[in-house]
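In case you want the letters, here they are:
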Amino acid sequence: MKLRQFKAIQNILKMERNDQALDQFRILKVITNIKDIIISRQFLMSLDKYYLDLKLNENQIITLIQEAEIYDIAFIFRNLNLSNRNKKIQFEMDKKISNEIHTKQLRQLFLIDEILENKNQLYQLIIQDFLQFLTNVYTHKFQFSLIYDQMIKVSFLVINNNNLIQSQNMILWMDQIIDIAFQKMDTYGWYVIIDNIMSGFMQIEFDQFQPIIVAQLWISRLYDFNKLFNYFGPYIINQYQINIQLFENLLKYKASSNSIKFFVQLCAHVISSNKTQLYTQISGLFPVFYEYLPNPLLVEDSLEFFSVYLRAAINGQKYINELVSKLKDIKLLHDKTIQLKINQFIKTYQNQRSPTPQYAQSYYKTGIRNIQNTCYFGSFMQILFQSKQFVDKIKNKKNDSPFIREDNIFESLSKMFCYLYYQNNIVDFYPIQQFRSIRNDYHFAKQHDVGEFILHFFEDLEKQHEKQYNAIKPLFVGVQQCNFKCLNCGSERTGPEEDCLMLSLTIIEQMSVQQLIALLQEEKVQLDCQCGVSQQFGKTIHFVKTQEYFFIQLNRFRYNQGFKEKIFTSVKIDQEISIQKKVGIQGYKYYGMINHMGQSSEIGHYLSYAMIDSATYRFDDAYVGASEDDKPEKMFLPYETPYIICYKAV
């Protein structure tokens with residue numbers, strides 16, 4: 001900002017309100033044109049200090065919305081008594097916020113890097129205003145849900161133990177967010193809240209903030225634990241590996257009664273889910289509890305924790321004996337009330353037999369929500385999820401990245417797979433975070449070809465995470481090579497080795513997948529040869545290396561007189577196929593497919609089928625249904641045709 005602008009604003013702000021009429025709009029225009037958001041915020045706070053009640057007309061308000069930074073708009077509407085909003089102003093407001101969401105990375109929009117670097121405490125206040133502004137002003141519910149998770153995640157940055165007293169507005173904002181989730185029964189909202197609470201609890205050391213404290217605040221605002229556990233208990237337990245370390249984290253940060261109760265209910269849910277393998281160590285934890293315990297009244301909650309723990313312990317009798325000896329050294333035993341509770345606890349479990357460990361059954365039948373023409377994404381994710389070796393490399397893999405981090409494909413896949421694995425179709429999955437981890441070309445509300453998306457998906461895996469990609473590459477990418485033999489003179493030549501992710505086949509009527517592969521692997525082409533200008537060559541394709549999961553794309557679309565049309569020719573789907581290798585043959589078995597349903601390439605819908613325990617399941621966005629027959633063709637709807645056929649090595 002130029003020096004004369006700075007002095008002009010200073011002079012205006014020094015005016016006595018009763019002496020001179022202030023040109024409010026001119027002042028705001030100058031301030032909001034300042035590119036440094038810290039300086040502009042300081043001036044706006046000065047306006048607030050001088051009790052400036054804004055009296056702007058509709059055109060002036062719209063001009064500010066269109067030209068000012070979104071953070072300045074948030075402050076103006078929240079703090080300077082500007083409440084004269086009509087439908088036209090609201091439309092411009094929604095348009096401005098939507099544009100910010102789509103043109104900026106969410107990390108940039110919520111100033112995460114600036115807050116983490118602790119450049120200026122004002123950044124925290126700016127985001128606090130922004131969060132409350134979004135919640136109160138933004139009417140586009142779908143767009144609001146797209147940033148739900150980031151709004152809650154950033155709350156862990158802008159509320160901490162240092163400014164908690166000054167953050168009462170943010171606590172009220174927490175209540176607003178939970179009210180929205182509760183009133184709308186927005187299962188994604190609940191998922192985001194509980195997921196971030198658990199993420200906060202799992203952290204141990206931070207320089208700028210303490211997410212466990214904020215996680216405890218979130219817990220204190222929740223309405224109904226049981227409802228959350230009924231929805232998300234299996235996911236929470238398995239994604240975050242509930243264990244003693246998590247409990248010790250709570251103790252380290254002086255856990256509140258609500259937090260202890262929250263953890264106790266997690267433990268109880270673990271037991272009801274028969275996840276007893278998580279509970280095999282307890283010795284020595286009780287004294288640790290009292291080392292950090294700020295309030296003896298929490299003893300009852302701690303005993304409830306040990307009750308559920310011991311019921312699940314594989315060696316419960318051993319633990320109870322150790323626990324009795326540990327209790328004798330605890331000073332709190334001098335309190336008669338506490339002593340009575342502990343004695344009752346010991347009496348209850350002294351002679352109890354240890355349970356036989358059981359393990360939760362796994363399911364693979366949870367739907368993926370369609371978020372405005374995202375069926376191509378959901379259908380392929382369901383196929384990936386049936387690719388078990390891939391899932392095993394991704395699911396529940398420990399991630400050492402920071403709590404507030406860029407969205408990345410591998411981490412988002414890990415969360416999604418854990419959710420799909422354990423939720424058992426209780427609540428379908430809402431893949432917003434997963435969409436943010438893929439390239440920007442794939443926006444909501446626009447249709448895309450699933451075959452093209454698959455290629456781009458693996459390209460992005462390689463570009464963003466080369467090390468992790470190299471670990472999973474052999475599962476999906478083979479190496480093929482072409483040999484050419486002149487049919488006139490018999491001379492031969494060999495082409496270069498090339499990666500092969502997906503084999504593309506031209507459809508021929510009354511042919512099966514295996515027959516189409518045979519035609520592709522042995523065909524005739526025209527090439528230059530030493531025995532003549534152009535000769536016919538026999539071309540054979542073999543695989544130097546074969547992948548574990550083999551994708552075959554049937555070319556369903558072609559151009560005819562400038563228009564792209566769909567080919568409805570039927571192709572028999574072989575349950576088993578064989579692929580020619582350089583030495584020998586690799587066999588494959590069918591395990592799923594992605595179908596296109598529609599009359600043209602421009603308009604349609606994708607859905608997938610998968611073989612699970614010898615039964616065929618149909619995944620149509622959030623809907624999951626089983627076939628009474630093992631042939632998926634009997635479940636096809638009109639204009640539904642196989643497009644991507646998936647096989648696994650045998």
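Residues numbered from 1 in each chain as written. Predicted model: local features only at pLDDT ≥ 70, side-chain atom pairs only at ≥ 80, totals over all residues. Heavy atoms only, no water.

## Considerations on the overall build of the protein chain
Alright, step 1. Summing up its helical and strand segments, the protein chain has 28 helices and 15 strands in all.
Alright, step 2. Every one of the 650 residues in the protein chain was classed for burial, and the buried ones make up 53%.
Alright, step 3. Counting only contacts in the protein chain whose residues sit at least 6 apart along the sequence, the fraction spanning at least 24 positions is 72%.
Alright, step 4. Total accessible area on the protein chain stands at roughly 30,900 Å², and carbon and sulfur atoms take up 46% of it. (Helix = DSSP H or I, 4+ residues; strand = E, 2+ residues; numbered from the N terminus. Buried < 20%, exposed > 50% of the residue type's maximum accessible area, 1.4 Å probe, protein only. Contact = heavy atoms within 4.5 Å. Areas by Shrake-Rupley, 256 points an atom, 1.4 Å probe, with all protein chains shown as cover.)

## So, the pattern of salt bridges
Alright, step 1. For the coordinates displayed, the defined rule picks out 14 salt bridges.
Alright, step 2. Put simply, K29 and E67 hold a salt bridge, and the shortest N to O gap is 2.7 Å. A residue pair is termed long-range when its members are at least 10 positions apart, and K29 in helix α2 (residues 24-32) and E67 in helix α4 (residues 58-67) qualify at 38 residues.
Alright, step 3. According to the relative accessible area criterion, K29 is partly exposed, its value standing at 24%.
Alright, step 4. Relative accessible area serves as the criterion here: at 45%, E67 is assigned to the partly exposed category.
Alright, step 5. Its salt-bridge partner being R558, residue E565 comes within 2.8 Å of it at the nearest N-O pair.
Alright, step 6. You can call E565 partly exposed: its relative accessible area is 26%.
Alright, step 7. When salt bridges that share partners are traced, they join E69, E100 and K104 into one network. (Salt bridge = Lys/Arg side-chain N within 4 Å of Asp/Glu carboxyl O.)

## Concerning the packing of aromatic side chains
Alright, step 1. Throughout the structure, instances matching the rule amount to 35 aromatic pairs.
Alright, step 2. Plain terms: the ring middles of F77 and F133 are 6.4 Å apart, the flat faces sit at 55° to each other, and that makes the pair tilted. With F77 in helix α5 (residues 70-79) and F133 in helix α9 (residues 122-137), this pair connects stretches of sequence that are 56 residues apart.
Alright, step 3. Centre to centre, the rings of F390 and F476 are 5.2 Å apart; their planes meet at 80°, and the pair counts as edge-to-face. Placement of the pair is F390 in helix α23 (residues 388-394) and F476 in helix α27 (residues 466-476), with a sequence separation of 86 residues.
Alright, step 4. Its relative accessible area of 1% is what places F476 among the buried residues.
Alright, step 5. Looking at K388, its charged tip hangs above the ring of F385, at a distance of 5.6 Å from the centre. (Phe/Tyr/Trp six-rings, centres within 6.5 Å; stacked < 30°, edge-to-face > 60°. Lys NZ or Arg CZ within 6 Å of the ring centre and 35° of its normal.)

## A few points about the nonpolar core
Grouped burial of nonpolar side chains is what soluble globular proteins tend to show.
Alright, step 1. If you look at the biggest cluster of nonpolar residues, it comprises 136 residues, and the most contacted ones within it are W218, F380, F458, F476 and F551.
Alright, step 2. Among all residues touching F476, those that are not within four sequence positions of it are L384, S387, F390, F458, C500, L501, Q547, Y549 and F551.
Alright, step 3. Formed by 24 residues, the second largest nonpolar core is a distinct cluster that contains C500, L503, Y590 and Y647. (Core = buried A, V, L, I, M, F, W, Y, C linked by side-chain atoms within 4.5 Å.)

## Description of the pairing of strand β10 (residues 576-580)
Alright, step 1. With burial as the criterion, only one face of β10 is covered, namely that bearing I577 and I579; the residues E576, S578 and Q580 on the opposite face remain uncovered.
Alright, step 2. When β10 meets strand β11 (residues 585-597), the two strands line up antiparallel, connected through five bridges. Within β11, the position partnered with Q580 by the bridge is I585.
Alright, step 3. Between β10 and β11, which follow one another and run antiparallel, lie four residues, and G584 among them has a positive phi close to 90°. (Pairing = 2+ DSSP bridges.)

## A word on unusual backbone geometry
Alright, step 1. In this structure, D621 takes a positive phi of about 55° despite not being glycine.
Alright, step 2. If you trace the backbone, D621 turns up in the loop between β13 (615-620) and β14 (623-626).
Alright, step 3. A positive phi is found at Y639, a non-glycine position, where the angle reads about 65°.
Alright, step 4. Of note, Y639 is situated in the loop between β14 and β15 (640-649).

## Overview of the environment of A68
Alright, step 1. Here A68 lies in the loop between α4 and α5.
Alright, step 2. C-alpha of A68 to C-alpha of K35: the two residues are 33 residues apart in sequence and 9.6 Å apart in space.
Alright, step 3. If near-sequence neighbours (up to four positions away) are discounted, A68 is found in contact with T32, I73 and K96.

## Some points on the packing of helix α11 (residues 148-158) against helix α14 (residues 211-221)
Alright, step 1. The N-to-C vectors of α11 and α14 enclose an angle of 125°; their axes lie 8 Å apart at closest approach. Relative to α14, α11 is oriented oblique. The way α11 lies across α14 gives a crossing that is right-handed. The residues of α14 that touch α11, namely those facing I152, S155 and F156, are P211, V214, A215 and W218. (Axes fitted to C-alpha atoms, helices over the stretch in contact; angles between N-to-C directions. Parallel < 35°, antiparallel > 145°, perpendicular 65-115°, else oblique. Left-handed = near helix turned anticlockwise from the far one by under 90°.)

## Observations concerning the packing of α9 against α11
Alright, step 1. The N-to-C vectors of α9 and α11 enclose an angle of 150°; their axes lie 10 Å apart at closest approach. In terms of axis orientation, α9 runs roughly antiparallel to α11. Considering the relative orientation of α9 and α11, their crossing is left-handed. The segment α9 lies against α11, with Q124, I127, Q128, L131, L134 and T135 engaging M151, V154, L157 and V158.
Alright, step 2. Split by residue class, the contact of α9 with α11 holds seven nonpolar, three polar and no charged. (Nonpolar A, V, L, I, M, F, W, Y, C, P; charged D, E, K, R; others polar.)

## Here's the deal with helix α24 (residues 409-423)
Alright, step 1. Given a rise of 1.5 Å per residue, 15 residues ought to cover 21 Å, and the 21 Å separating the end C-alpha atoms of α24 matches this to within 8%.
Alright, step 2. Where burial is concerned, most of α24 is hidden: 15 out of the 15 residues are buried. (Expected span 1.5 Å × (residues − 1).)

## Overview of the confidence of the model for the protein chain
Atom-level detail of predicted coordinates should not be read off regions where pLDDT is low.
Alright, step 1. Looking at the protein chain as a whole, its pLDDT mean stands at 76, while 69% of the residues score no less than 70.
Alright, step 2. The least confident element of the protein chain is helix α18 (residues 285-292), whose mean pLDDT is 55; the most confident is strand β7 (residues 549-554), at 96.
Alright, step 3. Scored below 50 in pLDDT, residues 353-362 shows 22 contacts in the model against residues more than four places distant or in partner chains. (pLDDT = per-residue confidence, 0-100.)

## Comments concerning the pairing of β7
Alright, step 1. Within β7, six of the six residues are buried, leaving the element largely enclosed by the surrounding structure.
Alright, step 2. What you see with β7 is no split at all: Y549, F551 and Q553 on one side and F550, I552 and L554 on the other are buried throughout.
Alright, step 3. The pairing of β7 with β15 spans five bridges and is antiparallel. Its bridge partner lying in β15, Y549 is registered against K648.

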